[in-house]
Amino acid sequence: MREVVILSGKGGVGKSSIVASLGVIYAREHKVVLADTDVDAPNLDLVLGAKLRNSEEITASSKAFIDYDKCIGCMMCRDVCKFSSIIGTEQPIIIPYSCEGCGACTVICPEDAIEIKEVVNGQLNIFDAENMLLVAGELHIGESSSGRLVDIVKKRARQEAENSQVEMIFIDGPPGIGCPVIASAKGADYVVLVTEPTPAALNDLKRVVEVVKHFRIPLGIALNRSDIHPESNRAVKQFAQDNGFSILSEIPYDKSMPMAVANAQPVISAYPSAPSSLALGKLAAALSEKINELP
Ligand code: SF4
Ligand code: SF4
């Protein structure tokens with residue numbers, strides 16, 4: 001079983017659309033499980049037009065709770081909290097959205113009046129998408145611990161894959177370079193970095209490359225909307241060449257892609273002979289070659 005993570009650094013470059021079509025292409029010959037680890041804003045189910053099979057609440061966060069019967073109002077807990085999650089002057093009030101559950105307040109409290117408890121902070125959704133299974137995490141609004149939720153999503157995707165002798169897991173990772181990106185990339189066999197030829201996307205690509213290099217995971221680049229700005233196209237290719245990265249495919253701007261998204265279908269299914277679909281076929285072939293070369 002292989003695990004391929006698709007990241008982008010910059011959001012809005014078409015990553016989920018590319019994951020959806022890659023999944024469909026691979027699922028023609030292999031068993032595929034998809035995982036959406038963009039837990040702050042999951043959307044792979046929408047791009048695929050997937051059907052929800054079941055949903056489970058996830059407890060992946062801890063928060064402080066005060067027993068006011070024991071509290072004497074010394075406010076030492078407020079003063080020790082590095083996250084400014086305790087307010088008040090005579091009686092402490094915990095702001096749950098910013099509490100990280102670090103436990104410092106429980107240590108300092110002279111009355112043993114604070115307890116750290118696990119709380120529900122998100123959900124795990126299982127979808128059926130074409131002939132694939134999609135495992136998606138969704139953090140509740142204002143909640144933290146996205147990295148832990150990403151771990152839970154990946155663990156479940158691997159379990160589902162093992163149960164069904166699946167050969168490939170595609171993980172649609174989050175944008176940025178933060179904790180959920182690190183959690184998504186960790187343990188992957190290969191990373192596809194989706195970018196577009198704009199200075200902002202190239203800047204974010206360089207940042208996410210540093211994250212992937214830290215884990216020593218081989219990577220390749222998919223250049224989406226490759227023809228929208230020739231100068232930036234050359235800049236991305238130069239960056240790839242300077243660092244020894246392959247451009248796996250150049251996917252031209254093609255209105256079929258947004259039209260497919262509007263119809264909740266992967267472009268490869270909705271418009272199989274569109275220019276973007278043909279380029280996605282090349283991406284899948286190039287990725288297969290890279291996967292076959294892995295030890
Ligand atoms: S440290 Fe304990 S006793 Fe003091 S205000 Fe906080 S909860 Fe109350
Ligand atoms: S658990 Fe940590 S973050 Fe939460 S209120 Fe206590 S000290 Fe602040």
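Given the structure is predicted, the values throughout are model-derived calculations rather than measurements.

**Notes on the environment of I95**
Then step 1. Relative to the assigned elements, I95 resides in the loop between β6 (93–94) and α4 (104–108).
Then step 2. Taking the relative accessible area as the measure of exposure, I95 reaches 30% and is therefore partly exposed.
Then step 3. I95 sits ten residues away from S85 along the chain, and the two C-alpha atoms are 5.0 Å apart.
Then step 4. Dropping the residues within four chain positions of it, I95 is found in contact with S84, S85 and I87.

**Looking at the domain arrangement of the chain**
Then step 1. When its domains are assigned, the chain resolves into domain 1 (2–59 + 122–293) and domain 2 (61–119).
Then step 2. Between domain 1 and domain 2, the C-alpha centre-to-centre distance is 40 Å.
Then step 3. Across the contact, eight residues belong to domain 1 and eight residues belong to domain 2.
Then step 4. Here domain 1 packs against domain 2, burying approximately 620 Å² in sum over the two surfaces, 38% of which is carbon and sulfur.
Then step 5. E118 is the salt-bridge partner of R148, the closest N and O atoms lying 3.6 Å from each other.
Then step 6. Within the side of domain 1 that touches domain 2, the residues separate by chemical class into two nonpolar, four polar and two charged.

**With respect to the site of ligand 2**
Then step 1. Around ligand 2, a shell composed of 13 residues is seen, among which C81, C99, C102, G103 and C105 lie nearest.
Then step 2. Classifying every residue of the shell around ligand 2 gives nine nonpolar, three polar and one charged.

**Remarks on the packing of helix α1 (residues 15–27) against helix α11 (residues 275–293)**
Then step 1. Running from amino to carboxyl end, α1 crosses α11 at an angle of 70°, the nearest separation of the two axes being 10 Å. Taken together, the axes of α1 and α11 lie roughly perpendicular to each other. The two elements α1 and α11 cross, and the hand of that crossing is right-handed. Packed against α1, whose contacting residues are I18, S21, L22, I25 and Y26, the element α11 presents L280, G281, L283, A284, L287 and S288 at the interface.
Then step 2. Taken together, the residues of the contact of α1 with α11 break down into eight nonpolar, three polar and no charged.

**Points about the site of ligand 1**
Then step 1. Around ligand 1 sit C71, I72, G73, C74, M75, C77, P92, C109, P110, E111 and I114, and that is every residue in its neighbourhood.
Then step 2. Of the residues in the shell around ligand 1, the class split is nine nonpolar, one polar and one charged.

**Concerning the sheet that holds strand β11 (residues 190–195)**
Then step 1. Within the open sheet, the nine strands sit side by side as β3-β8-β9-β2-β10-β1-β11-β12-β13. Their pairing is mixed. At either margin of the open sheet sits one strand with a lone partner, and together these are β3 (51–58) and β13 (246–251). Mean inter-strand twist for the sheet, computed between neighbouring axes without regard to direction, equals 20°.
Then step 2. As judged from the five bridges shared by β11 and strand β12 (residues 219–224), these two strands associate in the parallel manner. Paired with V191 across the bridge in β12 is L219.
Then step 3. Sitting on the sheet, helix α8 (residues 230–243) is in contact with β11, β12 and β13, with an inclination near 160° to β13.
Then step 4. Against the sheet, α11 engages β1 (2–7), β10 (168–172), β11, β12 and β13, with an angle of about 165° to β13.

Here is what the cut-offs are and how they apply
- Residues numbered from 1 in each chain as written.
- Chains lettered and ligands numbered in written order.
- Predicted model: local features only at pLDDT ≥ 70, side-chain atom pairs only at ≥ 80, totals over all residues.
- Heavy atoms only, no water.
- Helix = DSSP H or I, 4+ residues; strand = E, 2+ residues; numbered from the N terminus.
- Buried < 20%, exposed > 50% of the residue type's maximum accessible area, 1.4 Å probe, protein only.
- Contact = heavy atoms within 4.5 Å.
- Domains from an automatic or database assignment.
- Buried area = accessible area lost by both parts, 1.4 Å probe.
- Salt bridge = Lys/Arg side-chain N within 4 Å of Asp/Glu carboxyl O.
- Nonpolar A, V, L, I, M, F, W, Y, C, P; charged D, E, K, R; others polar.
- Near = heavy atom within 4 Å.
- Axes fitted to C-alpha atoms, helices over the stretch in contact; angles between N-to-C directions.
- Parallel < 35°, antiparallel > 145°, perpendicular 65-115°, else oblique.
- Left-handed = near helix turned anticlockwise from the far one by under 90°.
- Pairing = 2+ DSSP bridges.

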